[in-house]
Amino acid sequence: DVYKRQEYQLQDYQLNEQESKEFKITQIDPYWRVRGTIYALGLNCFGDKETLIKRNQAVLFHNYLYKKPDTSTMSAILETDIEQMVSILRCSTGKFDGIGRDILETHLNEGEEDDIPNDKIFTYEYPWQVVVELSKSHERVTYLDVYRGLTYLMRSNMVFFNHFLQTDYVTAIVALPYTPKILDSFSPLQIYSIIKALQMKTEYDNINNVLDIYKQKLLDMFYCVEDADRMHGIISCQTRQLTCYNLASQFCNNYMCKLCCQNTQNRHPCVLHDSFEQFLRYKIRSVYLFEESRNFDRKRTIRIQVRRLVRKYEVEKVFEGLNIEWDKTVLYYHYQAHRVQIIYIVLETNQEAQKVILNKAYYENLLKQFDATISTLSNSLYKLCEHFQNPEKMLAIIKPLTTLEIVEEIPSDQQYIGYIQKLLETLTLLPRTQFYIEQDINPITGDVDNRQIFITLPNREYVEKVYRTQPFFGCLIAHKMSHISVCPFLRYDPEQCLVCSAKKDRQCIHDMCQDCCSRQKYALLTCPCSINSIQQIENLRAQAIKQNKLDEAELLCEKCHRKRDKDCANKVCSSCCIVQAIRFDCLYHDESIYCKEIRKLKPKQLARKLLQNVSEMHLKVRHELKNGRYDWFRPIYNTNVQD
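Values in this document were obtained by computation on a predicted structure and should not be read as measured data. (Residues numbered from 1 in each chain as written. Predicted model: local features only at pLDDT ≥ 70, side-chain atom pairs only at ≥ 80, totals over all residues. Heavy atoms only, no water.)

Chemist: Outline the nonpolar core, supporting the account with residue identities and numerical values.
Modeler: If you look at the biggest cluster of nonpolar residues, it comprises 109 residues, and the most contacted ones within it are Ile 304 and Phe 319. The dominant element in this core, judged by the number of residues it contributes, is helix H12 (residues 210-227), at 11 residues. (Core = buried A, V, L, I, M, F, W, Y, C linked by side-chain atoms within 4.5 Å. Buried < 20%, exposed > 50% of the residue type's maximum accessible area, 1.4 Å probe, protein only. Helix = DSSP H or I, 4+ residues; strand = E, 2+ residues; numbered from the N terminus.)

What follows is the structure in structure tokens.
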């Protein structure tokens, strides 16, 4: 039980993939702790949860004299108003300086005759007046003005019995008409109109950046629902590809319904809709892409993975006497907790790096209070793919970078290769002479490295057969060397395209449909299914350039004949951006359909539309509860509820 394990209650303790899947619902890192830490350290208090966590983690890592506040200190400022914090910290984002309430009020009334009603929709001021059951709870996780705004997002009869709480409680449903990402796309007038519609405080003395406060209050309201045990947030599905009117849970990491979440490839792993091996795959992929983008010298770089926050001074003290380029130290933040999880340090020579690896047990013992493990970087799968003769017939078996005990128990010597041989014989019914196992080489020591091993099989049918039976021994992950992206999410339907909802082409070595395969920017291998399509696209591009006299580098999409969107981070059009197997986060094309529709509205229309959406969501969830469907909350199967 998570409540009986002391390490889970520690503020710095990071969950591994299995623990995160099972215990994320307990909210190990609540927002009020993040907010209290920011205030106690005197840092800028504006930003979403991810920004604030990374901000305080970076400061604590680099500044040894900064003392991390204890729980009692953070609890003391739990109900401190944001305006009081701003008046003391004197912080700002710099985006809205000089835009006062008078200016907003003047522009808000220009061009729109209809005003936002000043009459309160309800006679209640606080959530515990709307839902009587909340009055039994004395838990407070935020300040009063946020609770006033929440009143408009709740209904007195919209409650359900929450089986996931430690004790039996009735949980109030809160309909959230926005997400932190949607707030970033709103204009100043739209943010101000929402604050007015929710009857929240709008007048402040001696504060110039009122818009920063308005936006932060809406963020505080969103995270307040996440922190409160007796509240559960619901959101309109935030899918980016097809219009969807289903409900999504606030606990979904992508704010999508079950169908859209599992059907989307470019997303985060979800504690509601994914099995834990999907978390392992995402961790492998995110670390690989991070290391590739930083272009580390793999012969001189070591990786330190920690489960508790370590200070830079303490790391320097442990490696005292070694020649380390400390100015090249890089931090990797956990993709969900947003805390420092991996520290990359670069030594001056390969001999210095070998000295660390040979004495790894000694250095890990010095860092044992942080649950640290030291390792080298693995060789790049992207570069290795170019050297193999038949990568479409190959699989890479990868030990995930995780603290799972089952991974640590797997041997790293020749006995491990024997396990893999027996596994392949059982799965494929082939003799050992029909498949070939090749071990990786450690880039620092030059020794055999079994964290990545490469298997060559007779044909693609055997590759698919082995690939579909993972994870092996409960944790080992298989990656097809012909895939463009490292360890993409597994499709629940094996016949589905890897990046869209269409049926994949059987000839495609990338496991995609013909259309998606022909649009890939970073494909290293030539796929037989898309050769003709690529040639047709190139002919259309040449015709477009000739007819319109276009500058190809500036105006055309890199993968088709359409004009590219100038704000696209991947330099392609909307059709090509969303199907890229490897892509940068694109603010232009990652916007949800729901966000695009409401962002076009005028400020007052937007405020009224959001309140209308709140009412519609409550009607939808009533229908779901009446029919016994809980996918909007959390699937019951494969969870501890069955026990």
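The structure having been displayed, the exposition proceeds.
Chemist: So what's going on with the sheet that holds strand S8 (residues 373-376)? Residues and values would help.
Modeler: Within the open sheet, the four strands sit side by side as S6-S7-S5-S8. Their pairing is antiparallel. Only two strands of the sheet have a single partner each, and these edge strands are strand S6 (330-333) and S8. For this sheet, the mean inter-axis angle between neighbouring strands, taken without regard to orientation, is 25 degrees. Both strand S5 (residues 301-305) and S8 contribute to a ladder of four bridges, which runs antiparallel. Its bridge partner lying in S8, Arg 303 is registered against Ser 375. Sheet strands touched by helix H14 (residues 276-294): S5, S6 and strand S7 (340-346). Its angle to S6, the strand with the most contacts, is close to 155 degrees. Set on the sheet, helix H16 (residues 350-358) makes contact with S5 and S8; between it and S8 the angle comes to about 135 degrees. (Pairing = 2+ DSSP bridges. Axes fitted to C-alpha atoms, helices over the stretch in contact; angles between N-to-C directions. Contact = heavy atoms within 4.5 Å.)

Chemist: I'd like a rundown of the pattern of salt bridges, residues and numbers included.
Modeler: Under the counting rule described, the total for this entry stands at 27 salt bridges. For Glu 292, the salt bridge identified is with Arg 298, shortest N-O distance 2.9 Å. What makes Arg 298 buried here is its relative accessible area of 14%. Salt bridges here are not isolated pairs; linked through shared partners, they connect Glu 83, Asp 145, Arg 148, Lys 201 and Lys 217. (Salt bridge = Lys/Arg side-chain N within 4 Å of Asp/Glu carboxyl O.)

Chemist: Explain the packing of helix H20 (residues 414-428) against helix H21 (residues 460-467) to me, and be specific about the residues and the numbers.
Modeler: Two numbers describe how H20 lies on H21: the axes approach to 10 Å, and their chain directions differ by 110 degrees. Taken as axis vectors, H20 and H21 run roughly perpendicular relative to one another. In this structure, H20 uses Leu 424, Leu 427 and Thr 428 to contact H21, whose residues at the interface are Tyr 462, Lys 465 and Val 466. (Parallel < 35°, antiparallel > 145°, perpendicular 65-115°, else oblique.)

Chemist: A description of the pairing of S5 should follow, citing residues and the corresponding values.
Modeler: Counting buried positions over the five residues of S5 gives five, a clear majority of the element. Across the two faces of S5 the burial is the same, with Thr 301, Arg 303 and Gln 305 and Ile 302 and Ile 304 all buried. Both S5 and S7 contribute to a ladder of five bridges, which runs antiparallel. Within the sheet, the bridge partner assigned to Ile 304 lies in S7 and is Ile 343.

Chemist: Quick rundown of the environment of Phe 435? Include the residues and the values.
Modeler: For Phe 435, the location among the structural elements is in the loop between H20 and strand S10 (436-441). As a C-alpha pair, Phe 435 and Ile 455 span 20 residues in sequence and 7.0 Å in three-dimensional space. In this structure, Phe 435 is in contact with Gln 421, Leu 424, Glu 425, Leu 430, Thr 456 and Leu 457, ignoring residues within four places of it in sequence.

Chemist: Got a sec to walk through a nonpolar patch on the surface? Specific residues and values, please.
Modeler: Together, Tyr 64, Leu 65 and Tyr 313 make up an exposed nonpolar region whose accessible area comes to about 390 Å². With respect to the helices, strands and loops of the structure, Tyr 313 is situated in helix H15 (residues 312-318). A relative accessible area of 43% means that Tyr 313 is categorised as partly exposed. (Patch = residues over 30% accessible without salt bridge, like charges linked within 9 Å, V, L, I, M, F, W, Y side chains within 5 Å. Areas by Shrake-Rupley, 256 points an atom, 1.4 Å probe, with all protein chains shown as cover.)

Chemist: Could you give an account of the environment of Pro 69, naming the residues involved and the relevant values?
Modeler: With respect to the helices and strands, Pro 69 occurs in the loop between helix H4 (49-62) and helix H5 (71-76). Residue classification places Pro 69 among the buried positions, given a relative accessible area of 9%. Spatially, the C-alpha atoms of Pro 69 and Arg 33 are 9.5 Å apart, while their sequence positions differ by 36 residues.

Chemist: With reference to specific residues and values, describe the side chain of Lys 480.
Modeler: Relative to the helices and strands, Lys 480 is located in strand S12 (residues 477-480). Excluding its chain neighbours within four sequence positions, the residues that come into contact with Lys 480 are Met 394, Leu 395, Val 463, Glu 464, Tyr 467 and Asp 511.

Chemist: Tell me about unusual backbone geometry, and name the residues and values.
Modeler: Here Gln 470 and Pro 471 are connected by a cis peptide whose omega angle stands at 0 degrees. Here Pro 471 lies in the loop between H21 and S12. Non-glycine residue Asp 371 carries a positive phi angle of around 50 degrees.

Chemist: I'd love a proper account of the state of the cysteines, names of residues and values included.
Modeler: Counted under the stated rule, the structure contains zero disulfides. Unpaired in terms of disulfides, Cys 261 finds its nearest cysteine sulfur in Cys 252, a separation of 3.9 Å. With relative accessibility at 0%, the residue Cys 261 sits in the buried group. Not engaged in a disulfide, the cysteine Cys 270 finds its nearest cysteine sulfur in Cys 252; these two sulfurs lie 3.6 Å apart. (Disulfide = S-S within 2.5 Å.)

Chemist: Which residues make up the confidence of the model for the protein, and what are the values?
Modeler: Scored by pLDDT, the protein comes out at a mean of 83, with 87% of its residues at no less than 70. With pLDDT under 50 throughout, residues 1-10 is counted as low confidence; its partners more than four residues away or in other chains account for 16 contacts. Considering only residues more than four positions removed or in separate chains, one finds that residues 22-27, a stretch of pLDDT under 50, has 14 contacts. (pLDDT = per-residue confidence, 0-100.)

Chemist: Help me get a handle on the sheet that holds S10, residues and values and all.
Modeler: Overall, antiparallel pairing links the four strands, which are arranged S10-S11-S9-S12 in an open sheet. One side of each edge strand has no neighbouring strand; the edge strands of this open sheet are S10 and S12. This sheet shows a mean twist of 30 degrees between the axes of neighbouring strands, independent of strand direction. One ladder, built from five bridges, connects strand S9 (residues 394-398) with strand S11 (residues 448-456); its direction is antiparallel. Residue Ile 397 lies in a different strand from S11, and its bridge partner there is Ile 453. Contacts from H14 reach S9, S11 and S12, with the element oriented near 55 degrees to S12. Sheet contacts for H21: S9 and S12; angle to S12, the most-contacted strand, approximately 150 degrees.

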